[in-house]
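In case you want the letters, here they are:
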Amino acid sequence: MITVAKELLGKYLVRVTAEGNIVARIVEVEAYGGSDDSASHAYKGIRERNRVMFGEPGHAYVYFTYGMHFCLNVKAEHTGIPGAVLIRAVEIIDGLELAGRNRSAKSSIELSNGPGKLTKAMNITKAHNGIDLVKTTQLYICKPEDSERSEISASTRIGIKTAKEKLWRFCISNEPYQKNGH
DNA sequence: GAGAAGATCTCCT
DNA sequence: GGAGATCTTCTCA
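Everything quoted here is computed from the prediction, not taken from an experiment.

Rules and cut-offs
Residues numbered from 1 in each chain as written. Chains lettered and ligands numbered in written order. Predicted model: local features only at pLDDT ≥ 70, side-chain atom pairs only at ≥ 80, totals over all residues. Heavy atoms only, no water. Near = heavy atom within 4 Å. Polar contact = N/O pair within 3.5 Å; in protein donor to acceptor, adjacent residues only side chain to side chain. Helix = DSSP H or I, 4+ residues; strand = E, 2+ residues; numbered from the N terminus. Nonpolar A, V, L, I, M, F, W, Y, C, P; charged D, E, K, R; others polar. Phe/Tyr/Trp six-rings, centres within 6.5 Å; stacked < 30°, edge-to-face > 60°. Lys NZ or Arg CZ within 6 Å of the ring centre and 35° of its normal.

A.B. asks: Help me get a handle on the protein's contact with DNA strand B, residues and values and all.
C.D. replies: In the neighbourhood of DNA strand B, 20 residues make up the surrounding shell, with Y63, H69, N73, R103 and K161 lying closest. When atoms of DNA strand B within 4 Å of the protein are sorted by moiety, sugar and phosphate together comprise 54%. Y66 places a main-chain nitrogen or oxygen 3.2 Å from a base nitrogen of DNA strand B. Between DNA strand B and H69 there is a distance of 2.8 Å, counted from a base oxygen to a side-chain nitrogen or oxygen. For the surface near DNA strand B, the secondary-structure elements that each account for two or more residues are β4 (69–75), β5 (84–94) and α3 (115–121). Here the surface near DNA strand B gets three residues from one element, more than from any other, and that element is α3. In the surface near DNA strand B, the residues fall into eight nonpolar, seven polar and five charged.

A.B. asks: Give me the lowdown on the packing of aromatic side chains, citing residues and values where you can.
C.D. replies: For any pair of aromatic rings, the description consists of the separation of the ring centres together with the inter-plane angle of the planes. Taken as a whole and assessed by the stated rule, the structure comprises two aromatic pairs. The residue whose ring lies beneath R157 is Y32, and the NZ or CZ to ring-centre distance is 4.6 Å. For the cation-ring pair, K166 lies above W168, with the distance from its terminal atom to the ring centre recorded as 5.4 Å.

A.B. asks: A description of the protein's contact with DNA strand C should follow, citing residues and the corresponding values.
C.D. replies: Every residue near DNA strand C is listed here: K44, R47, R49, F64, Y66, G67, M68 and K126. Backbone atoms, meaning sugar and phosphate, form 70% of the atoms of DNA strand C found within 4 Å of the protein. For DNA strand C, a base oxygen lies 2.6 Å from a polar atom in the backbone of Y66. The contact in question runs from a base oxygen of DNA strand C to an N or O atom on the backbone of G67, over 3.3 Å.

What follows is the structure in structure tokens.
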């Protein structure tokens, strides 16, 4: 799963809507495990909400939190094994104007440098929970053509109170997107 | 059935 | 820098 999280960095997340396409490069992710990770939704076992985390790899796990925010995860373990990668920040490559219409932000960076921000900018909702990010044409992940390996830095995860010792947050170095970055 | 907490964001001071 | 917003889900009685 850690490997998958690192591989997701630099990949393109493509959102296809009736109004146009939004292409974004993934620049920051966090890995969440299962029963061995007390910060994970899957820690206490399978629930109606988190059942995607136990499902097939490559599927989207979208959950609603704080009464107003959606967070986008990618299932990253084999079927039956809990484990997902939270997409924390993306860099909008294409469709900036469209994303800006969904969210008011001062800059392209502020448009998508947080889990709740990027889902709003890309119009990702609970309706996308459980979709296949490989086969679905509405929302999918693809490799960039120039897939040169970027410098990846690891750090502790943000916004959680337990399992802080795990360095499971990964971001591309030299990216200005890191909110609390070092 | 009721209460509390939460992988966050934005506004106000 | 700090606190409020807002609603889904889980836990406990």
